[in-house]
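So the chains spell out like this:
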Amino acid sequence: MDLTAALENLVPALETGLAEVSSLARLEDIQVAFLGRKGALARLMSRLPELPAAERPAFGRAANAVKERLAALLEDARLRLGREQEAADLARFDPSLPGRLPWQGSLHPITLVMEEISDVFQAMGFEIASGPEVETDFHNFEALNFPPDHPARDMQDTLFVAEGVVLRTHTSPIQVRAMLERKGPPVAIIAPGKVYRRDSDLTHTPMFHQIEGLLVDSRVTLAELRGVLTMFVRQLFGRDIAVRFRPSFFPFTEPSVEADISCILCAGTGRAQNSPCRVCKGTGWLEILGAGMVHPNVFSAVGFNPETCSGFAFGLGVERVAMLKYGIGDLRMFFENDLRFLAQFS
Ligand code: FA5
């Protein structure tokens, strides 16, 4: 066939091929066969020297026009196949099927309660403070007025790491660190964190969380402590909650108190559904934290003047608050990592 006729033949040949093509992969093959480096058009062009020199420019122009036409036909076919593919996908898609929600994690209930408690105190102007979980005897005991070898240390069954180094038994060493850092009043901190004790039963675990609070200024009294704690429990549990103080003992506070709140289940009556309330065991009160006025020996240990400074401190067990808030009976549920339990708090 002469070269010009062969060139003109390419367009109908491609049209025939494209009429049958039904996949994008096959279209690729056709494109290579016509326009590829060794395709039909390239092969015709390589025969250009066979033509008399005078005819070559016209043949070149014709070849370019054919090339454009082939490319346009291939592009049309590609768009058509794309549309067909989309229509086929849509035909398989059932919009009435229920959607699949992506799996979503949630914060641990203890984290949620710690954040909530910290938010309440931050709104009152307390700053968040923190300290190490592996503590020195000085910060955990000595500066907090626990004399060496004094039986008061047995109140908190201590896990020792090395001579003079312990896993902190409470968050109170953060008080010591905060006062040493600030060097003088005012100090208003709230310190959430993990603490460790040799304890394990229904209401005690070897690791648990506490939140420490400390306010130091020049004329702080037990009345301020009561006011701050009342505001806190009302924000957390509701407006009608009452707070009472009972005398207690901590080496680092004098006087020391345990704070109770009126029972959140029976509203302090001690009775629910005609029998003694199971949450407060009929007493109408729930123990929530330990507190007191900072002992002068603690001020002296951190270089604050006990004559001119006064302050209160408190420490609460986060698991205890979370159990009350969510009505959970067994402390260990927080640490078993059962997703059926944890997912309820998302
Ligand atoms: C203290 O740890 C003091 N540092 C609190 C304090 C701070 C008093 C500042 C005065 C001033 P206590 O040992 O009572 O106190 O512990 C405080 C709370 O931690 C308890 O009320 C209880 O809710 C919680 N708690 C204690 N042991 C465990 C345990 N093994 N598992 C879970 N929670 C515990």
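For clarity, every value in this text was computed on a predicted model and none was experimentally measured.

1. Some remarks on the site of the ligand
The environment of the ligand is formed by 24 residues, the closest being H170, S172, R197, D199 and Q210. R197 is positioned such that a nitrogen or oxygen atom in its side chain is 2.9 Å from an oxygen atom of the ligand. The contact in question runs from an oxygen atom of the ligand to an N or O atom on the side chain of Q210, over 3.0 Å. Surface burial for the ligand is 91%, taken as the share of its 680 Å² of free accessible area covered by protein chains. For the ligand, the cavity whose grid points lie within 2 Å of the majority of its atoms is the largest pocket. Secondary-structure elements contributing two or more residues to the shell around the ligand are α7 (172–182), β6 (207–217), β11 (285–294) and β12 (310–317). Among the elements that line the shell around the ligand, the one with the most residues is β12, at four residues.

2. A word on the sheet that holds strand β2 (residues 134–136)
Note on sheets: strands pair through backbone hydrogen bonds, and any given pair is parallel or antiparallel. Taken in spatial order, the three strands make up an open sheet running β2-β4-β3, and their pairing is antiparallel. In the strand order of this sheet, the two ends are held by β2 and β3 (160–162), each with one partner. Looking at each pair of strands side by side, their axes are set apart by 35° on average, direction ignored. Across two bridges, β3 lies against strand β4 (residues 165–167) in antiparallel orientation. Paired with F160 across the strands is V166, a residue of β4.

3. Quick word on the pairing of β12
With six of its eight residues buried, β12 lies for the most part within the structure. Both β6 and β12 contribute to a ladder of eight bridges, which runs antiparallel. Within β12, the position partnered with G213 by the bridge is F314. With five bridges connecting them, β11 and β12 associate as antiparallel partners. Counterpart to G292 in the pairing with β12 is A313.

4. A look at helix α2 (residues 24–35)
With twelve residues, α2 should cover 16 Å at 1.5 Å per step; its first-to-last C-alpha distance of 16 Å lies within 8% of that length. Turning to α2, the residues buried within the fold contact α1 (3–20), α3 (40–46) and α4 (56–92).

5. Some details on the sheet that holds β11
Pairing within the open sheet is mixed, and its seven strands lie in the order β1-β5-β6-β12-β11-β8-β7. Each having just a single partner strand, β1 (127–128) and β7 (243–250) make up the two edges of the open sheet. Two elements, strand β8 (residues 253–262) and β11, share eight bridges in a ladder whose sense is antiparallel. In the strand pairing of β11, I261 is matched with L286. Strands β1, β5 (187–196), β6 and β12 of the sheet are contacted by helix α5 (residues 109–123), whose axis makes an angle of about 5° with β6. The sheet strands contacting helix α10 (residues 318–326) are β6, β11 and β12, and the helix crosses β12 at an angle near 60°.

6. Regarding the layout of surface pockets
Taking a probe equal in size to a water molecule and rolling it over the atoms shows the remaining empty space. In this structure, the largest pocket occupies an estimated 1,400 Å³ of space. Around the largest pocket, the lining is made up of 48 residues, and of these T203, H204, E287, G317 and R320 lie nearest the centre. Of all the secondary structure elements, the ones that give two or more residues to the lining of the largest pocket are α7, β6, β8, β11, β12 and α10. Along the lines of polarity and charge, the residues of the lining of the largest pocket split into 21 nonpolar, 16 polar and eleven charged.

7. Looking at unusual backbone geometry
In this model, P185 is joined to P186 through a cis peptide bond whose omega is 0°. P255 follows E254 through a cis peptide bond whose omega is -5°. Topologically, P255 is positioned in strand β8. For N145, which is not glycine, the phi torsion reads 70° and is therefore positive. The topology assignment puts N145 in the loop between α6 (137–140) and β3. For N337, which is not glycine, the phi torsion reads 55° and is therefore positive. With respect to the secondary-structure elements, N337 resides in the loop between α10 and α11 (339–342).

Parameters at a glance
- Along every chain, residues carry numbers that run from 1 in the direction the sequence is written.
- For this predicted model, a pLDDT threshold of at least 70 governs which residues receive local features, and a threshold of 80 or more governs which side-chain atom pairs are given and counted, while totals over whole chains, interfaces and linings are taken from all residues.
- Side-chain metrics rest on all non-hydrogen atoms present in the structure, leaving aside hydrogens and water.
- Whether a residue is near a molecule or strand depends on its heavy atoms: if one lies within 4 Å, it is near.
- For this analysis, a polar contact is any N or O atom pair within 3.5 Å, provided that within protein one partner can donate a hydrogen and the other can accept it, and provided that sequence-adjacent residues contribute only side-chain to side-chain pairs.
- Per-residue and other accessible areas were derived by the Shrake-Rupley procedure at a 1.4 Å probe size, with only the shown protein chains allowed to occlude residues.
- A 1.4 Å probe that fits into a set of points on a 1 Å grid over the protein atoms alone but cannot get out defines a cavity; an open set with protein on both sides within 12 Å along at least five of seven lines defines a pocket, and lining residues are those with an atom within 4 Å of a point.
- Being in a pocket or cavity means that more than half of the molecule's atoms lie within 2 Å of its grid points.
- Numbering goes from the N terminus for both helices and strands, where a helix is a DSSP run of H or I of at least four residues and a strand is a run of E of at least two.
- Strand pairing requires that DSSP identify at least two bridges connecting the strands.
- Throughout, an axis means a line fitted to C-alpha atoms (over the contacting stretch in the case of helices), and angles, computed between N-to-C directions, take values from 0 to 180 degrees.
- Under the scheme applied here, a residue whose accessible area is under 20% of the maximum for its type counts as buried, over 50% as exposed, and between as partly exposed, the area being computed with a 1.4 Å probe on protein chains only.
- Expected helix span is computed as 1.5 Å times (number of residues minus one).
- Throughout, a contact is declared for two residues whenever any of their heavy atoms are within 4.5 Å.
- Grid points are joined across faces, edges and corners, and a volume is the space filled by probe spheres set on the points.
- Just so you know the grouping, Ala, Val, Leu, Ile, Met, Phe, Trp, Tyr, Cys and Pro go in nonpolar, Asp, Glu, Lys and Arg go in charged, and all remaining residues, Gly too, go in polar.

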